[in-house]
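# Residue-level structure breakdown
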Amino acid sequence: MKREDGIRWLHGQLPGLVEAGVLSEDGAENLRSHYGDAKGRSSVPLALLFLGVFGALLIGSGIVMLFAHNWEAMTRPVRVFVSFLPLALAQAISGWTLWKHRDSTTWLESAGSFHTLSVGASIALVAQTYHMPGSFDSFLLTWMLLVLPMVYLLQAIVPLLVYFAGITAWAGYHQSSGDHLLLFWPLAAAVAPFVWSTIRAAPFAPRSVLVQWGGILALTCALGMVLEKGFPGLWIPVYAAFFATLYLAGGLVDGRERSFWQQPARGFGGVGAVVLVFVLSWSWPWEEIGWPHARLGTRYDPLASWWDGAILLALLTTAVVLAVSTIRRRRAGDLVVGSLAFLMPAVYAIVAAGVDPELAALLMNAYLLALSVALVVRGVREVRLRTFNGGMVIFSALVVARFFDSEISFIGKGLAFIALGVAFLVCNIILARRKEKAS
């Protein structure tokens, strides 16, 4: 039996072994991490992987610098030869890796890193040699389209992370020039099969976690850029639905308590939702929003503006499906954050209809207060320091923000902060002792 067939068989057996009680969830996850994914990759220490990638990037950067030092003294034919030399070397290394080391994550990631850098350097050097016209966004788009095949060919995540950063930077530069960005979605969808297969093979392995973090960060940054903003303030329900969807999806992947790093969707969705509501606890984001202030003119593309509504509808539909699954799996507590997907559009519609923005800000403050109390109560009841501290941080931030908005004297504010800090420390000490006794 080939090694990859054996790993695939093992991955298929693990769920049944866990269900039968032969293995614990931690034991099954340790086996997945040790043997790698179903494609037969062996696991390697992250330090070794990072060193290999960093070394490849340093070599590529050094070669480019050597060429740049003698660039002016070279003739045009020599410049063209030198421009393609790193790319030819990268192709040779990638071919050798696929032939001899296709099961080595370190080799694949290192080759992918060097190849990605070489493609960008060759494009830039050739364009500079022949003084080709073009803009920075066209360079980025060309580079990323050439990087895309390497993601699938080498099955490496470094080219994927560069691709995420590249299309996000392209979106930002393109948006600053006033163009709409509907092309971003096909570019993002182009890597969706690879992302899905990587996460599905080993959801909590370092490679999968890095892929999730990279994708979530790229989507979070790009989401605000791709909106046409013909309807002011539409970003409020869009981001609320996005963060709520992430949080609900992350909660359904695995019911166990994991670290923030191992739960990108749940962690980022929860933090993003809290930060969003905190920003909206002031009245200024709610001013002059909605259809009464629609700005569909020469600057704003009507088709792209209606596409903003389609994005919101897709996110809301996904949130509904995830909310139903959450209830069926008896994780109704997750709906405290998940409900933002439905709360924000309702508040947005109310304010757009002419209600005072102060009311929306008041509702956001009430939501943060309720969320903080719910987290504190849950942390005390279940003796979870992380949950308790999360609730206390939200409550403290809310108190601090509202105190600075109020007319209370500095003495009163100082005493209140001291009392809050003492309560914070005392409760942590009590919970820590309770946790020690329980263990």
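Above: the structure in question.
Residues numbered from 1 in each chain as written. Predicted model: local features only at pLDDT ≥ 70, side-chain atom pairs only at ≥ 80, totals over all residues. Heavy atoms only, no water.

## A word on the overall build of the chain
Looking only at helices and strands, one finds 18 helices and 0 strands in the chain. Buried residues in the chain amount to 45% of all 439 residues. (Helix = DSSP H or I, 4+ residues; strand = E, 2+ residues; numbered from the N terminus. Buried < 20%, exposed > 50% of the residue type's maximum accessible area, 1.4 Å probe, protein only.)

## Observations concerning a nonpolar patch on the surface
Judged by side-chain polarity, Leu89, Ile93, Trp96, Trp99 and Trp107 come together as a nonpolar surface patch covering roughly 540 Å² of accessible area. Element by element, the count of residues in the nonpolar patch is highest for helix α4 (residues 76-100), at 4 residues. Residue placement: Leu89 occurs in helix α4. The class for Leu89 is partly exposed, based on a relative accessible area of 39%. (Patch = residues over 30% accessible without salt bridge, like charges linked within 9 Å, V, L, I, M, F, W, Y side chains within 5 Å. Areas by Shrake-Rupley, 256 points an atom, 1.4 Å probe, with all protein chains shown as cover. Salt bridge = Lys/Arg side-chain N within 4 Å of Asp/Glu carboxyl O.)

## Here's the deal with a negative patch on the surface
Together, Glu287, Glu288, Asp356 and Glu358 make up a region of like negative charge exposed at the surface. Topologically, Glu358 is positioned in helix α16 (residues 357-382). (Lys, Arg positive; Asp, Glu negative; His and termini not counted. Charge placed at Lys NZ, Arg CZ, Asp CG, Glu CD.)

## Section: helix α10 (residues 206-226)
Look at α10: 30 Å from first C-alpha to last across 21 residues, which is about the 30 Å you get at 1.5 Å a residue. Within α10, 16 of the 21 residues are buried, leaving the element largely enclosed by the surrounding structure. (Expected span 1.5 Å × (residues − 1).)

## Focus: the pattern of salt bridges
Evaluation of the coordinates by the stated rule reveals 2 salt bridges. Residues Arg207 and Glu109 are paired through a salt bridge, measuring 2.8 Å at the closest nitrogen-oxygen approach. Placement of Arg207 in helix α10 and of Glu109 in helix α5 (residues 105-129) is noted, with a sequence separation of 98 residues between them. The two residues Arg207 and Glu109 agree in class, both being buried.

## Looking at the packing of helix α12 (residues 264-279) against α16
Contact geometry of α12 with α16 gives a least axis separation of 8 Å together with a crossing angle of 140°. Between α12 and α16 lies a crossing whose hand is left-handed. Between α12 and α16, the contacting residues are Val274, Val277 and Phe278 on the first element and Met364, Tyr367, Leu368 and Leu371 on the second. For the contact of α12 with α16, the residue count by class is 7 nonpolar, no polar and no charged. (Axes fitted to C-alpha atoms, helices over the stretch in contact; angles between N-to-C directions. Left-handed = near helix turned anticlockwise from the far one by under 90°. Contact = heavy atoms within 4.5 Å. Nonpolar A, V, L, I, M, F, W, Y, C, P; charged D, E, K, R; others polar.)

## What about the environment of Val399?
Relative to the helices and strands, Val399 is located in helix α17 (residues 385-405). Taking the C-alpha atoms as reference points, Val399 and Asn365, 34 residues apart in sequence, are found 9.9 Å from one another.

## Let's talk about the packing of aromatic side chains
Under the defined criterion, the tally for this structure stands at 11 aromatic pairs. Centroid distance Phe184 to Trp185: 5.4 Å. Interplanar angle 80°. Geometry classified as edge-to-face. Take Phe184: its relative accessible area is 2%, and that puts it in the buried class. Centre to centre, the rings of Phe243 and Phe268 are 6.3 Å apart; their planes meet at 45°, and the pair counts as tilted. Of this pair, Phe243 sits in helix α11 (residues 235-253) while Phe268 sits in helix α12, and the two are 25 residues apart along the sequence. A relative accessible area of 16% means that Phe268 is categorised as buried. These aromatic residues form a ring-pair network of at least three members: Trp213, Tyr239, Phe242, Phe243 and Phe268. When the ring centre of Trp99 is taken as reference, the NZ or CZ atom of Lys100 above it lies at 4.5 Å. (Phe/Tyr/Trp six-rings, centres within 6.5 Å; stacked < 30°, edge-to-face > 60°. Lys NZ or Arg CZ within 6 Å of the ring centre and 35° of its normal.)

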